[in-house]
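Per-entry structural report
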Amino acid sequence: MNHKAIRALYSNVVTIDDGTGAFDAQGNKVQIDITAVNAWVDPNAYKYQRAAEYPSIADQLDTLYHSGLDAWKAQIKTVKDKFPKV
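Here's a quick rundown of the structure. (Residues numbered from 1 in each chain as written. Predicted model: local features only at pLDDT ≥ 70, side-chain atom pairs only at ≥ 80, totals over all residues. Heavy atoms only, no water.)

1. Quick notes on the side chain of Asp42
With respect to the helices and strands, Asp42 occurs in the loop between helix H2 (34–39) and helix H3 (45–53). Of note is the side chain of Asp42, whose polar atom sits 2.8 Å from the side chain of Lys4. (Helix = DSSP H or I, 4+ residues; strand = E, 2+ residues; numbered from the N terminus. Polar contact = N/O pair within 3.5 Å; in protein donor to acceptor, adjacent residues only side chain to side chain.)

Written as structure tokens, this is what we have:
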């Protein structure tokens, strides 16, 4: 189960058990539309992808020092273009 998608789509869910389902605060089982859960796209996914792709801060500072601000901007823009905001 995609816990993040379930929590985003069903604000009343407080507990998720992969074996038995999702439950609200009173312990009632919440009916989950698995098609909607599978179709859900994390609106913050680009942030995680960018963070993994950016050069380290040390490498970014090295680029700034040796190649200047425009080279650093180009380096960062490449990552931003690869993983645009949704």
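2. Looking at the environment of Arg50
Of note, Arg50 is situated in helix H3. The spacing of Arg50 and Phe83 is 33 residues in sequence and 6.3 Å in space, taken between C-alpha atoms. Look past the residues within four positions of Arg50 in its chain and what remains in contact with it is Val79, Lys80, Phe83, Pro84 and Lys85. (Contact = heavy atoms within 4.5 Å.)

3. Some remarks on the nonpolar core
The biggest cluster of nonpolar side chains holds eight residues, and these are Ala5, Ile6, Tyr10, Val13, Ile16, Ala22, Val30 and Val37. Look past the residues within four positions of Val13 in its chain and what remains in contact with it is Ile6, Arg7, Ala22, Phe23, Val30 and Ile32. (Core = buried A, V, L, I, M, F, W, Y, C linked by side-chain atoms within 4.5 Å. Buried < 20%, exposed > 50% of the residue type's maximum accessible area, 1.4 Å probe, protein only.)

4. Things to note about the packing of helix H4 (residues 57–67) against helix H5 (residues 69–82)
Between H4 and H5, the shortest axis-to-axis distance is 7 Å and the interhelical angle comes to 145 degrees. Of the residues in H5, those touching H4 at Gln60, Thr63, Leu64 and Ser67 are Leu69, Ala71, Trp72, Gln75 and Ile76. Here the residues of the contact of H4 with H5 sort into five nonpolar, four polar and no charged. (Axes fitted to C-alpha atoms, helices over the stretch in contact; angles between N-to-C directions. Nonpolar A, V, L, I, M, F, W, Y, C, P; charged D, E, K, R; others polar.)

5. With respect to the sheet that holds strand E1 (residues 15–17)
Pairing in this open sheet of three strands is antiparallel, and the strands run E1-E2-E3 from one edge to the other. The sheet is open, and its two edges are formed by E1 and strand E3 (29–30), each paired on a single side. Inspection of the sheet shows E1 paired to strand E2 (residues 21–23) by three bridges, in the antiparallel sense. Bridge pairing in E2 links Thr15 to Phe23. (Pairing = 2+ DSSP bridges.)

6. Focus: the environment of Tyr10
Among the structural elements, Tyr10 can be located in the loop between helix H1 (3–9) and E1. Tyr10 sits in the buried class, given a relative accessible area of 16%. Each residue touching Tyr10, except ones within four places of it in the same chain, is listed here: Val30, Gln31, Ile32, Asp33 and Val37. Within the local environment of Tyr10, its side chain forms a polar contact with the backbone nitrogen of Asp33, the two atoms lying 2.9 Å apart.

On their own, these measurements won't tell you what the molecule is for.
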